[in-house]
Amino acid sequence: MTFDFFEGPAGSGKTFSMVAHARQLIENDALGEGQRMLALTFMNGARRRLTSSLNAEASFRQKFDCLTFDSFAQTLVRRRSAKLTEEMRQQAEELGQFQGPCLMAGELLKDAEVRRWVARSYPVLLVDEAQDLDVHRQGIVLGLKQCCTTVVAADSFQCLSDGQETAGFIDQLLGAGTTHSLTQSHRTNKSGLLAAALAVRSGESILDVLKEEGIGKTGRVHWVGEGIELVEVPATAKNPGLLAWSLAFQLTQGCDDVAILTPDSKSAIILKAIETARTKKWNWPKGGTFGPFSITWEGSDSAIEYELAEAIGFPALASFDETCALLAEHSAQPIVRTVDQRVRRLHRVTGQSEFEKDQLVSFVSDAVRTNTRLGFKKSAKIKAMSIHGAKNREFDRVIVLWPQSATGSDEHKRRLLYNAMTRAKSHCTVIVLGTGRLNSAPFAP
């Protein structure tokens, strides 16, 4: 058994290198007859992206299972429940439905017989974005690495959970086998963007970096470097139009793949600015117009479900005709068309003539989750999402909207800003709401 740990900053190719190393293992017959590689991630979004990367390699097809830690833990606990003690069950019950199974799985993997049982099916283990793991999921990795050939990728600075301590876990990984330190960025070659991101990571001043690159000639604070802009916009709840105009102007720069990122996806002023950019047409001073722009908000599944159900306005009980009429009002959305098809199929096959609100909301939920699983959200040219939602993704152009409502420690804010900036391949614009904020974290020490 071997242990390989790939570490490096954002864009340095950790996942690519991890997958390439795993390919070598598979090609060197690391899997026996009937065995598969186990790939684990923390979030479902990372699981979908890793699955896509593995499916692109002929060496892996039909030879791996890509799961979240939660899913793996639940399966392990269910299959080996006879080995659980009452104390384990009580501790798990106190932790809840997500943390609890991970704690029990970590405890089960302290048993050598359980580890051998897992390794018979999964002799090779891949773990991506390991810096996101809490202590219970860390226990799963530490248990599995004793019985599996293990490949892990992580960058401790990209942990976005405020207050979560991962340094000790990363130190264990660094000392567990062979460490591959990656330093070169493969995502962008823009010197200003690279230097600004490094300044944020190092706790230095972005302005000091951009002063070396030059300053934009505008009437407001507007620092410019190669591949990076830092704009201070004195927008408040009383004049949200200023932020909307700044956002719309950035969108006129054009790009095939744009992401609008923010640390606070519930900020009223940011939501208003995005909605305005979606609906308003502006006039250029010298003639002509720009906008509106087609922007798709990529919220969490639960947020999308709630907003869509609220927009449709299902009554407590509706007839088949009433339900179809409600859905027809929103039929431009693919998710609603999926719900409409399901309602009509039920009516045709079972004769159901009335639909309760809870049932219809569950149909919306199922359709949203299917839409997410199949990756249809990625088709939009301009996407808006939280910084957390952009984890492990990349876009040609990134626009970061940084409101006064961004919360957390200074270190947490720096990690959020760094993750947002490093999603960009060609250009990143950071729009900071308010005045006089560029001399404090996360923009300066």
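See above for the structure.
A. Structural view of the overall build of the protein chain. Along the backbone of the protein chain there are 17 helices and 17 strands. Taking 445 residues into account, the globule formula puts the C-alpha radius of gyration at 22 Å, and the protein chain, at 24 Å, falls close to it. For the protein chain, the spread of C-alpha atoms along the three principal axes comes to 75 × 65 × 45 Å. Sorting the 445 residues of the protein chain into buried and exposed places 51% on the buried side. A sequence separation of at least 24 residues applies to 76% of the contacts in the protein chain between residues at least 6 apart. With the model as given, the accessible surface of the protein chain reaches about 21000 Å², and the carbon-plus-sulfur share is 48%. When the 53 basic and 51 acidic side-chain charges of the protein chain are each reduced to a single mean position, those positions are 4 Å apart.

B. Molecular detail of unusual backbone geometry. Following Gly291, the chain continues to Pro292 via a peptide bond in cis, the omega torsion being -10°. Following Ala441, the chain continues into Pro442 via a peptide bond in cis, with omega recorded as 10°. For Pro442, the position within the fold is in the segment after β17 (424-433). Located in the positive-phi region is Asp29, a residue other than glycine, with phi close to 65°. Even without glycine at this site, Asn392 takes up a positive phi of about 65°. One can find Asn392 in the loop between β15 (382-386) and β16 (395-402).

C. Layout of the state of the cysteines. Under the counting rule described, the total for this entry stands at 0 disulfides. With no disulfide of its own, Cys66 has Cys148 as its nearest cysteine by sulfur position, at a separation of 15 Å. According to the relative accessible area criterion, Cys66 is buried, its value standing at 11%. Residue Cys159 stays outside any disulfide, its sulfur separated by 15 Å from that of Cys102, the closest cysteine.

D. A look at the sheet that holds strand β12 (residues 295-297). Read from one edge of the open sheet, 7 strands run β7-β8-β17-β16-β9-β15-β12, paired in mixed fashion. If you trace the sheet from one side to the other, it starts and ends with β7 (222-225) and β12, each paired once. Taken over all neighbouring pairs, the strand axes of this sheet differ in orientation by 15° on average, direction set aside. For strand β9 (residues 258-262) and β15, the ladder comprises 5 bridges, and the chain directions are parallel. Bridged to Leu261 within β15 is Met385.

E. Representation of the sheet that holds strand β4 (residues 124-127) within the structure. Ordered in space as β3-β2-β4-β5-β1-β6, the 6 strands form an open sheet in which the pairing is parallel. In the strand order of this sheet, the two ends are held by β3 (64-68) and β6 (178-181), each with one partner. When strand polarity is set aside, the average angle formed by the axes of neighbouring strands in this sheet is 15°. Looking at chain direction, strand β1 (residues 3-7) and strand β5 (residues 149-154) are connected through 5 bridges and run parallel. Across the sheet, the residue bridging to Glu7 is Ala154, located in β5. This element, helix α2 (residues 44-55), spans β2 (37-41), β3 and β4 of the sheet and lies at about 165° to β3. On top of the sheet, helix α7 (residues 135-144) reaches β2, β4 and β5; it is set at about 160° to β2, its chief contact.

F. Main features of the side chain of Asp155. Tracing the sequence through the fold places Asp155 in the loop between β5 and α8 (167-174). Overall, Asp155 belongs to the buried group, its relative accessible area being 5%. Looking at Asp155, its side chain comes within polar contact range of the side chain of Arg201, at 2.8 Å. Once residues lying within four places of it in the same chain are set aside, the contact partners of Asp155 are Gly8, Pro9, Ala10, Lys14, Gln131, Arg201 and Tyr418.

G. Representation of the packing of helix α5 (residues 99-108) against α7 in the model. Axis separation between α5 and α7 bottoms out at 8 Å; the angle between their running directions is 30°. Between α5 and α7, the interaxial angle falls into the category roughly parallel. Judged by the sense of rotation from one axis to the other, the crossing of α5 with α7 is left-handed. Facing Gln99, Cys102, Leu103, Ala105 and Gly106 of α5, the residues of α7 in contact are His136, Arg137, Gly139 and Ile140.

Quick notes on the rules
- Residues numbered from 1 in each chain as written.
- Predicted model: local features only at pLDDT ≥ 70, side-chain atom pairs only at ≥ 80, totals over all residues.
- Heavy atoms only, no water.
- Helix = DSSP H or I, 4+ residues; strand = E, 2+ residues; numbered from the N terminus.
- Rg over C-alpha atoms; globule rule 2.2 N^0.38 Å.
- Buried < 20%, exposed > 50% of the residue type's maximum accessible area, 1.4 Å probe, protein only.
- Contact = heavy atoms within 4.5 Å.
- Areas by Shrake-Rupley, 256 points an atom, 1.4 Å probe, with all protein chains shown as cover.
- Lys, Arg positive; Asp, Glu negative; His and termini not counted.
- Charge placed at Lys NZ, Arg CZ, Asp CG, Glu CD.
- Disulfide = S-S within 2.5 Å.
- Pairing = 2+ DSSP bridges.
- Axes fitted to C-alpha atoms, helices over the stretch in contact; angles between N-to-C directions.
- Polar contact = N/O pair within 3.5 Å; in protein donor to acceptor, adjacent residues only side chain to side chain.
- Parallel < 35°, antiparallel > 145°, perpendicular 65-115°, else oblique.
- Left-handed = near helix turned anticlockwise from the far one by under 90°.

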